[in-house]
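# Fold and contact review
Residues per chain, in single letters:
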Amino acid sequence: MQEVVLANKPAIAKCVEDQRKKEPGVKGTLLMKWTILTSGKVSNVSVQTEELKGSYMAGCVGPLIKGLTFPRHKTQGEPITFPFKF
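If you're wondering where the values come from, they're calculated on a predicted model, not measured in any experiment. (Residues numbered from 1 in each chain as written. Predicted model: local features only at pLDDT ≥ 70, side-chain atom pairs only at ≥ 80, totals over all residues. Heavy atoms only, no water.)

Okay, the layout of surface pockets next. When its volume is computed, the largest pocket comes out at roughly 180 Å³. Around the largest pocket, the lining residues are Gln2, Val5, Leu6, Lys9, Ile12, Ala13, Val16, Phe82, Pro83, Phe84 and Lys85. (1 Å grid on protein atoms, 1.4 Å probe; cavity = no way out; pocket = protein on both sides within 12 Å on 5 of 7 lines; lining within 4 Å. Points joined across faces, edges and corners; volume = space filled by probe spheres on them.)

As C-alpha cells, then:
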C-alpha cells in the first residue's frame, strides 16, 4: 500500500509546496482515510484531521488519493488511515 502512495510522491510534494505558498502559516499532519476496493480502486476518501478539513492541502491530496490504483486483491480490507506531514 505504501509503495503506491510513495510512487506518487512528486504530486504530493507539489501539494505541500503549493500549501506553503497559499497558506504559509498552516502546517502539521493531515490524516486521510480511504478504502481500497478489491478492484484496486479507491473509495470513501475523507479528511480525519478536523482542523485541516478546509485547508488547501486537504483539497489537493484528496483528489490524488481518489485517483490512485492499488493492486487487485480477493478480500475487502479495512479502511486505511495515512498521515501526510507538511
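Turning our eyes to something else, we now look at unusual backbone geometry. The phi dihedral of Asn44 is positive, around 55 degrees, even though this residue is not glycine. Take Asn44: it is sitting in strand S2 (residues 42-47). Taking relative accessible area as the criterion, Asn44 reaches 59% and is therefore assigned exposed. (Helix = DSSP H or I, 4+ residues; strand = E, 2+ residues; numbered from the N terminus. Buried < 20%, exposed > 50% of the residue type's maximum accessible area, 1.4 Å probe, protein only.)

Moving on: empty space enclosed by the protein. Within this structure, the stated rule accounts for one cavity of 30 Å³ or more. For the largest cavity, the calculated volume is near 50 Å³. Around the largest cavity, the lining residues are Val5, Asn8, Ile12, Val61, Leu64, Ile65, Leu68 and Phe84. Along the lines of polarity and charge, the residues of the lining of the largest cavity split into seven nonpolar, one polar and no charged. (Nonpolar A, V, L, I, M, F, W, Y, C, P; charged D, E, K, R; others polar.)

If you walk through the whole model with that rule in mind, you get one disulfide. Bridging Cys15 to Cys60, the disulfide has an S-S length of 2.0 Å. Judged by the sign of its S-S torsion, about -75 degrees, the cystine formed by Cys15 and Cys60 is left-handed. One end of the pair, Cys15, is in helix H2 (residues 9-22); the other, Cys60, is in helix H3 (residues 56-66), and 45 residues separate them in sequence. Note on Cys15: relative accessible area 1%, which makes it buried. (Disulfide = S-S within 2.5 Å.)

The next point concerns the pairing of S2. Sheet faces and side chains relate simply in a regular strand, where the side chains alternate between the two faces. Relative to S2, strand S1 (residues 29-36) runs antiparallel, the two sharing four bridges. Residue pairing for S2: Thr35 is matched across the bridge by Ser43. Here S1 folds back onto S2 in antiparallel fashion, the turn holding five residues, of which Gly40 has a positive phi close to 95 degrees. (Pairing = 2+ DSSP bridges.)

Worth remembering: the numbers are spatial, not functional.
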